[in-house]
Amino acid sequence: MGLVTGACFANVGNQVICVDIDQDKVDALNADQVPIYEPGLESYLSSSLADGSIKFTTDAAMAVQHGEMIFIGVGTPANKDGSADLQYVLNVASSIGTHMDGYKAVVNKSTVPVGSADLVAEKIQVALDKRGVDWGFSVASNPEFLKEGAALADFTRPDRIIVGTDSARVEEMMQELYAPYNRQRDKLIFMDVRSAELTKYAANSMLATKISFINEIANIAELVGADIEQVRVGMGSDARIGYSFIYPGCGFGGSCFPKDLRAMEATAINVCYQPKLLSAVTAVNDEQKHRLFDKVSDYFNGDLGGKTVALWGLAFKPGTDDMREAPSRLLMEALWRQGASVRAYDPHAMEATQAIYGSRSDLLLCGTKEAALSGADILVVCTEWKPFWSPDFSEIKAALTYPVIFDGRNLYTPAA
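All values reported here derive from a predicted model rather than from experimental measurement.

So, how was this worked out
- Residues numbered from 1 in each chain as written.
- Predicted model: local features only at pLDDT ≥ 70, side-chain atom pairs only at ≥ 80, totals over all residues.
- Heavy atoms only, no water.
- Pairing = 2+ DSSP bridges.
- Helix = DSSP H or I, 4+ residues; strand = E, 2+ residues; numbered from the N terminus.
- Axes fitted to C-alpha atoms, helices over the stretch in contact; angles between N-to-C directions.
- Polar contact = N/O pair within 3.5 Å; in protein donor to acceptor, adjacent residues only side chain to side chain.
- Buried < 20%, exposed > 50% of the residue type's maximum accessible area, 1.4 Å probe, protein only.
- Right-handed = clockwise from strand over helix to strand, strands pointing away.
- Phe/Tyr/Trp six-rings, centres within 6.5 Å; stacked < 30°, edge-to-face > 60°.
- Left-handed = near helix turned anticlockwise from the far one by under 90°.
- Contact = heavy atoms within 4.5 Å.
- Nonpolar A, V, L, I, M, F, W, Y, C, P; charged D, E, K, R; others polar.
- Domains from an automatic or database assignment.
- Salt bridge = Lys/Arg side-chain N within 4 Å of Asp/Glu carboxyl O.
- UniProt positions renumbered as here; feature names shortened; annotations may be inferred.

Undergrad: Got a minute to help me understand the sheet that holds strand E12 (residues 405–407) in this structure?
TA: Backbone-to-backbone hydrogen bonds pair the strands of a sheet. The strands run either parallel or antiparallel. Reading across from one edge, E10-E9-E8-E11-E12 is the order of the 5 strands in this open sheet, with parallel pairing throughout. The open sheet has two edge strands with one neighbour each: strand E10 (363–365) and E12. For this sheet the average axis-to-axis angle between neighbouring strands, irrespective of direction, equals 20°. Across 4 bridges, strand E8 (residues 308–312) lies against strand E11 (residues 378–381) in parallel orientation. Bridging from a neighbouring strand, Trp312 pairs with Val381 of E11.

Printed below as a string of structure tokens:
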């Protein structure tokens, strides 16, 4: 989110400085080396680096003094109780208060729970008080709605731009900042800060609910002999439901939905409300992530010792190299516990997988999807990358010891 936000603002002529504490990452970015896979991001950054509209630094003081608007885009990982860990956000707030030299509009872009803007404002004020200065500032909320794999399109052609603020000055600044991406129609929606903070969690919770709902219907369809693809088309044709996020599969992962659901639950529980539906969405997804392994285990009557599984797809979704809470991880770890080995291929997540698991005898990362089939007993599809959509089924059958595909994303028709 931070790189995409910085690149998109720089791409329309703003002077952007991005701050990180990792010197190696900063050096790589200044050398035009992008540390993540996001389609189109590399060219955006290259052009902005070339014309000097974006820079990367570890010098927080210089960056704070440079920016009229300061966007906080650090991570908010989950605490043990599921609540969002705000230590990095609040550390940035303290740094802003320590280094600011005039009025600043501080914008929470990180996904933060309701009330976080107040905490950020308190941290900034404490730092200012220690310095004995009284620079004015405002804290606003501008939640991001970026899908990994389509983040640039989401930023440059947004459905809406949510801004939570009670400051007319910030409202005017945000209108000017987002004007290049707000020309076709007015997509800016201004509201109070707490409503903006809640909107982000509510949106992700709704999308996650749709996924868990269709997965539960798919499980029922399997048991009663219905075709979930036909059911999906019948459901999605209703304009009140739509087709988005009703594709059944082996569960959702990534950096947003699982974490944000837990944070939303924690927020509700903290105000003495039991969020039964949100808890059920998480429970259904946790169970769904285990279904692929259960099907593989059942196929071999629980005896997976010595079996070799070809695995197509490692990232939690196509278009990214993100392995956070990916269903493939639960599957591989369960297979290894039962004595099976894995031959895996993913177009972009191989390096991330290697970083997580290192070198191990029961994991071979292969250079092509065909190489993953060599010597494998079965094939499991975990991520719906386009190269997997129209394979040579005769080649797959010839390569596998057992002629079976466990299709975790419903890419193939049973007849085919």
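After presenting the structure, the write-up continues.
Undergrad: Looking at this model, I keep getting lost on the side chain of Thr57. Mind explaining?
TA: Residue placement: Thr57 occurs in strand E2 (residues 54–57). At 2.9 Å, the side chain of Thr57 forms a polar contact with the backbone nitrogen of Asp59.

Undergrad: Can you walk me through the pairing of E8 in this structure?
TA: Each regular strand carries side chains that alternate between the two faces of the sheet. Along E8, 5 of the 5 residues are buried, which leaves the element largely enclosed by surrounding structure. Of the two faces of E8, the one lined by Thr308, Ala310 and Trp312 and the one lined by Val309 and Leu311 are each fully buried. Pairing geometry for E8 and strand E9 (residues 341–345), over 5 bridges, is parallel. Within the sheet, the bridge partner assigned to Ala310 lies in E9 and is Arg343. This β-α-β element, E8 to helix H13 (residues 327–337) to E9, shows right-handed connectivity.

Undergrad: When you look at the packing of aromatic side chains in this model, what are you seeing that I'm missing?
TA: How two aromatic rings sit relative to each other is set out by the distance from centre to centre and by the angle between their planes. Tallied over the entire structure, the rule returns 15 aromatic pairs. For the pair Tyr299 and Phe406, a centre-to-centre distance of 5.7 Å together with 85° between the ring planes defines the contact as edge-to-face. Here Tyr299 is found in helix H12 (residues 276–299), whereas its partner Phe406 is found in strand E12, with 107 residues between them in sequence. With 5.1 Å between their ring centres and 85° between their planes, Phe300 and Tyr402 make a pair best called edge-to-face.

Undergrad: I'm lost on the packing of helix H5 (residues 87–99) against helix H6 (residues 116–131) in this one. Help?
TA: Packed helix pairs are specified by the crossing angle of their axes together with the interaxial distance, meaning the distance between the axes. Packing of H5 against H6 leaves a shortest axis separation of 7 Å and a crossing angle of 35°. The element H5 and its partner H6 pack so that their crossing is right-handed. Listed contacts from H6 to Val89, Leu90, Ala93, Ser94, Ile96, Gly97, Thr98 and His99 of H5 are Leu119, Val120, Lys123, Ile124, Ala127, Leu128 and Arg131. Considering only residue class, the contact of H5 with H6 consists of 9 nonpolar, 4 polar and 2 charged.

Undergrad: How should the domain arrangement of the protein chain be read in this particular structure?
TA: Frequently, the measure chosen for interface size is the accessible area removed from exposure when the parts meet. Assigned domains within the protein chain: domain 1 (1–191), domain 2 (201–273) and domain 3 (284–407). When each unit is reduced to the centre of its C-alpha atoms, the spacing between domain 1 and domain 2 is 30 Å. In this complex, domain 1 contributes 15 residues to the contact, which on the side of domain 2 involves 11 residues. On inspection of domain 1 and its partner domain 2, the count reaches 0 salt bridges. Taken together, the links from domain 1 to domain 2 amount to 3 residue pairs in polar contact (both at pLDDT 80 or more). Considering only residue class, the side of domain 1 that touches domain 2 consists of 6 nonpolar, 4 polar and 5 charged.

Undergrad: When you look at unusual backbone geometry in this model, what are you seeing that I'm missing?
TA: Generally, phi is negative for residues other than glycine and the peptide bonds are trans, each holding for most cases. The residue Asp32 is not glycine, and still its phi comes out positive at about 65°. You can see Asp32 is positioned in the loop between helix H2 (23–30) and helix H3 (41–50). Positive phi, normally seen in glycine, also occurs at Cys272, with a value near 65°. As for its placement among the helices and strands, Cys272 is situated in the loop between helix H11 (257–270) and H12.

Undergrad: Honestly, the environment of Leu29 in this entry has me stumped. Any pointers?
TA: Its location among the elements puts Leu29 in helix H2. When the C-alpha atoms of Leu29 and Tyr88 are compared, they prove to be 21 Å apart, with 59 residues separating the residues in sequence. Those residues in contact with Leu29 that lie beyond four places of it in its chain are Leu3, Val34, Pro35, Leu45, Leu49 and Phe56.

Undergrad: What should I look at first to understand the UniProt feature "binding site: substrate" (unreviewed entry) in the protein chain in this one?
TA: Following the UniProt record, one finds the feature "binding site: substrate" (unreviewed entry) at Phe145, Leu146, Lys147, Glu148, Lys200, Phe245, Ile246, Tyr247, Pro248, Gly249, Gly253 and Lys317. For the residues just named, distributed over 173 residues, the greatest C-alpha separation reaches 24.2 Å, placing them at more than one site. Tracing the sequence through the fold places Tyr247 in the loop between helix H10 (228–236) and H11. Sequence-distant contacts of Tyr247, defined by excluding residues within four places in its chain, comprise Ile214 and Arg232. In this structure the side chain of Tyr247 is engaged in a polar contact, spanning 3.5 Å, whose partner is the side chain of Arg232. Its location among the elements puts Gly249 in the loop between H10 and H11. Residues within four places of Gly249 in sequence aside, it is in contact with Asn215, Gln288, Gly408 and Arg409.

Undergrad: Explain the pattern of salt bridges to me, please; I cannot follow it from the model alone.
TA: For side chains bearing opposite charge, pairing can occur when the charged atoms are close. Inspection of every chain in the model, using the stated rule, returns 15 salt bridges. Between Asp154 and Lys147 there is a salt bridge, with the nearest N and O atoms lying 3.0 Å from each other. Using a relative accessible area of 16% as the deciding quantity, one classes Asp154 as buried. According to the relative accessible area criterion, Lys147 is partly exposed, its value standing at 38%. In this structure, the salt-bridge partner of Asp322 is Arg324, at a minimum N-O distance of 2.8 Å. The class of Asp322 is buried, set by a relative accessible area of 7%. One salt-bridge network, in which partners are shared between bridges, spans Glu222, Arg291 and Lys295.

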